[in-house]
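The chain contents come next:
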Amino acid sequence: MEILVVGGAGYIGSFVSRMLLAEGYRPTVLDNLSLGHRAALDPRIPLVTGDLADGGLLQRLFSDRRFDAVMHFAALASVAESVQAPLTYYRNNVANTLNLLAAMKNAGVARFIFSSSAAIFGTPERIPIDETHPARPINPYGRSKLMVEEILRDAAAAGDLQSVALRYFNAAGASPDGRMGEDHRCETHLIPLVLKAVLGGAKSGARLKVFGTDYPTPDGTCVRDYIHVSDLARAHLLAADYLSAGGASAAFNLGNGKGFSVMEVIRTAEKVTGRAVAFETADRRAGDPAVLVAAADRISRELGWQPAYPTLEAIIETAWKWHASHPDGYAASQTGPQD
Ligand code: UDP
């Protein structure tokens, strides 16, 4: 199966493109390398460097090669940044996705797998969050993801497209050999920051801030559902197979179904690393719901998805291997991990 992986040099996209290659699919990556890393890509995977805003490039790409499906990871994904720069978010996450969908339609490519987010649900009304939960996003990032889901539903109804939207909860972890992992230019995610705090000790800037200790949760800190990046990746391969077998358009929630508080993440990281996490308490971060936990029964039932890393400890173990051996991320490994 020929698959175009848009944003395939990013954190989740690079795991998916490698898994595709390893399992006999033929991935081609399109990435503008604004946030992705060339070094995260297997050198055997063709890389087209370019942007979804470039209609000419998309036209050439789709006429040069016959793709069976497109997976789309190329998005801006910071809630706080989306509040500051909503137009940038709508242009990148919605308008650019429309360009991609238009190029696919012109080329007669009808299968699409979309990276959606738990952010479409906004402040949850009930936990765990299943697919029947109302989608009322509370920030431009979440709205941009929901807008694309709505576009996909309309396109499916018009007979243009079959799609699967995967609503990720908290992606985390690294490859078990520690050679691929999370490397964001401006890191905001909890697990990498906890591990950086372990590595940096109490040095200034390395101390973790725990955002909010007065949430209505057992220990007062926010609860999230952490899912290993390889388990997320697996869901994309299952979705591609599902669509190629004629499966109807669908959206699935994707998490482990278990919630862990910020303090539980810190304690688990201390256990895994054998070192103390330097942290201090801070005010709540704007826009953080107290608890986000997925009900992932639907994707298990319909696509046969099961997590290989169901425990927080297993997820943090892989992340620790990566961060301990790559304190500067991919910067030191320009040629990328070799197989
Ligand atoms: N968090 C924290 N300190 C940090 C980063 C995150 O306390 O430096 C908390 C954050 O408030 C949230 C949880 O950790 O409750 C997970 O945040 P992250 O940014 O990793 O993912 P999100 O749930 O926002 O997608």
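Description of the sheet that holds strand β5 (residues 111-117)
Line of reasoning, step 1. As summarised here, the arrangement of the seven strands in space is β3-β2-β1-β4-β5-β6-β11, forming an open sheet in which the pairing is parallel. The sheet is open, and its two edges are formed by β3 (47-49) and β11 (250-254), each paired on a single side. Strand-to-strand twist of the sheet, defined as the mean angle between neighbouring strand axes without regard to direction, takes the value 20°.
Line of reasoning, step 2. With three bridges joining them, strand β4 (residues 69-72) and β5 adopt parallel strand pairing. Paired with H72 across the bridge in β5 is F114.

Looking at the site of the ligand
Line of reasoning, step 1. Inspection of the region around the ligand gives 15 residues, with L190, K209, R224, R285 and D288 positioned closest.
Line of reasoning, step 2. In the model, an oxygen atom of the ligand is placed 3.3 Å from a nitrogen or oxygen of the T188 main chain.
Line of reasoning, step 3. Within the backbone of F211, a nitrogen or oxygen atom sits 2.9 Å from an oxygen atom of the ligand.
Line of reasoning, step 4. In isolation the ligand offers 520 Å² of accessible surface; the protein chains occlude 87% of this area.

Looking at the environment of D42
Line of reasoning, step 1. With respect to the helices and strands, the residue D42 is situated in the loop between β2 (26-31) and β3.
Line of reasoning, step 2. With a relative accessible area of 3%, D42 lands in the buried category.

Side note on the sheet that holds strand β14 (residues 291-292)
The strands making up a sheet associate through hydrogen bonds between their backbones, and the pairing can be parallel or antiparallel.
Line of reasoning, step 1. Spatially, β12-β9-β14 is the arrangement adopted by the three strands of the open sheet, whose pairing is mixed. A strand with exactly one partner marks an edge of an open sheet, and here the two such strands are β12 (260-261) and β14.

Some points on the packing of helix α6 (residues 190-200) against helix α8 (residues 262-273)
Line of reasoning, step 1. Orientation of α6 relative to α8, taken along the N-to-C sense of each, is 45°, at an axis distance of 10 Å. As the angle between them shows, α6 and α8 are arranged oblique. Relative to α8, α6 is oriented so that their crossing is right-handed. Within the contact between the two elements, α6 uses L190, I191, V194, L195 and V198 and α8 uses V262, V265, I266, A269 and T273.
Line of reasoning, step 2. Among the residues making up the contact of α6 with α8, the classes are represented as nine nonpolar, one polar and no charged.

So, the nonpolar core
Line of reasoning, step 1. Core analysis: the biggest nonpolar cluster contains 43 residues, and I12, L166, L254 and I299 have the highest contact counts within it.
Line of reasoning, step 2. Broken down by secondary-structure element, the contributors of at least two residues to this core are β1 (2-6), α1 (11-22), β6 (162-168), α7 (229-244), β11 and α9 (297-303).
Line of reasoning, step 3. With nine residues, the single largest contributor to this core is α7.
Line of reasoning, step 4. When residues no more than four places from it in sequence are discounted, the contact partners of I299 are L166, A235, F252, N253, L254, G304 and W305.
Line of reasoning, step 5. Residues A172, L195, Y215 and W320 belong to the second largest nonpolar core, which totals 26 residues.

Some thoughts on the pattern of salt bridges
Line of reasoning, step 1. For the structure shown, the criterion picks out 18 salt bridges.
Line of reasoning, step 2. Across the salt bridge formed by R44 and D42, the nearest N and O atoms sit 2.8 Å from each other.
Line of reasoning, step 3. Among the residues examined, R44 registers a relative accessible area of 56% and is labelled exposed.
Line of reasoning, step 4. A salt bridge links R153 to E149; the nearest nitrogen and oxygen atoms lie 3.8 Å apart. Placement of both R153 and E149 in helix α5 (residues 140-157) is noted, with a separation of four residues, approximately one turn of the helix.
Line of reasoning, step 5. Among the ionic contacts, a cluster of salt bridges with common partners joins E2, R26 and R65.

Looking at the environment of V48
Line of reasoning, step 1. Along the polypeptide, V48 turns up in strand β3.
Line of reasoning, step 2. Owing to a relative accessible area of 21%, V48 belongs among the partly exposed residues under this scheme.
Line of reasoning, step 3. C-alpha separation for the pair V48 and L33, spaced 15 residues apart in sequence, amounts to 9.9 Å.
Line of reasoning, step 4. Beyond its immediate sequence surroundings of up to four residues, V48 is in contact with T28, V29, L30, D31, L57 and L61.

What about the confidence of the model for the protein?
Line of reasoning, step 1. In this model, the protein carries a mean pLDDT of 95, and residues with pLDDT of at least 70 account for 96%.
Line of reasoning, step 2. For residues 334-339, every residue scores under 50 in pLDDT, and the model assigns this stretch 12 contacts once sequence neighbours within four places are set aside.

A closer look at the packing of aromatic side chains
Line of reasoning, step 1. All chains considered together, the criterion is met by five aromatic pairs.
Line of reasoning, step 2. With a centroid separation of 6.1 Å and 85° between ring planes, the pair formed by Y11 and F15 is classed as edge-to-face. Taken together, the positions of Y11 and F15, both in helix α1 and four residues apart, correspond to about one turn of that helix. There is no split in this pair, since Y11 and F15 are both buried.
Line of reasoning, step 3. Both rings, one in W322 and one in Y330, keep their centres 4.8 Å apart while their planes meet at 50°; by these two values the pair is tilted. With respect to class, W322 is no different from Y330; both count as buried.
Line of reasoning, step 4. In this structure, R284 packs its charged tip against the face of Y215, placed 4.0 Å from the ring centre.

Cut-offs used in this document
Numbers given to residues run from 1 along each chain, matching the order in which its sequence is written. Local features in a predicted model are, by the rule used here, given only for residues with pLDDT of at least 70; side-chain atom pairs are given and counted only at 80 or more, and totals for whole chains, interfaces and linings are based on all residues. Side-chain calculation: all heavy atoms of the structure are included, whereas hydrogens and water are not. Two strands pair if DSSP finds at least two bridges between them. Strands here mean DSSP runs of E at least two residues long; helices mean DSSP runs of H or I at least four residues long; both are numbered from the N terminus. In this analysis an axis means a line fitted to C-alpha atoms, helices contributing only their contacting stretch, and an angle means the value between N-to-C directions, from 0 to 180 degrees. For this description, a residue counts as near a given molecule or strand if any of its non-hydrogen atoms is within 4 Å of it. N or O atoms within 3.5 Å of each other form a polar contact, as long as, within protein, one can give a hydrogen and the other can take it, and as long as residues adjacent in sequence are counted only when both atoms are side-chain atoms. Per-residue and other accessible areas follow the Shrake-Rupley method at a 1.4 Å probe size, with only the shown protein chains counted as cover for residues. Three labels apply to residues, based on accessible area from a 1.4 Å probe with only protein chains included: buried if under 20% of the type maximum, exposed if over 50%, partly exposed otherwise in between. Should an angle fall under 35 degrees it is taken as roughly parallel, and over 145 as roughly antiparallel, whereas 65 to 115 is taken as roughly perpendicular and any remaining angle as oblique. Take the far helix as the reference: if the near one is turned anticlockwise from it by less than a right angle, the crossing is left-handed, and if turned clockwise, right-handed. The contact criterion used is simple: two residues touch if any of their non-hydrogen atoms lie within 4.5 Å. Residues are grouped as follows: Ala, Val, Leu, Ile, Met, Phe, Trp, Tyr, Cys and Pro are nonpolar; Asp, Glu, Lys and Arg are charged; every other residue, Gly included, is polar. The definition of a nonpolar core used throughout is a set of buried Ala, Val, Leu, Ile, Met, Phe, Trp, Tyr and Cys residues joined through side-chain atoms within 4.5 Å. Basic side-chain nitrogens of Lys or Arg form a salt bridge, by our definition, when they fall within 4 Å of a carboxyl oxygen of Asp or Glu. Across the chain, each position has a pLDDT score giving the predictor's confidence in that residue, from 0 to 100. Stacked, tilted and edge-to-face are the three classes assigned to paired rings of Phe, Tyr and Trp, where Trp is represented by its six-membered ring and a pair needs centres within 6.5 Å; plane angles under 30 degrees give stacked, over 60 edge-to-face, the rest tilted. For a Lys NZ or an Arg CZ to count as sitting over a ring, it must be within 6 Å of the ring centre and within 35 degrees of the ring normal.

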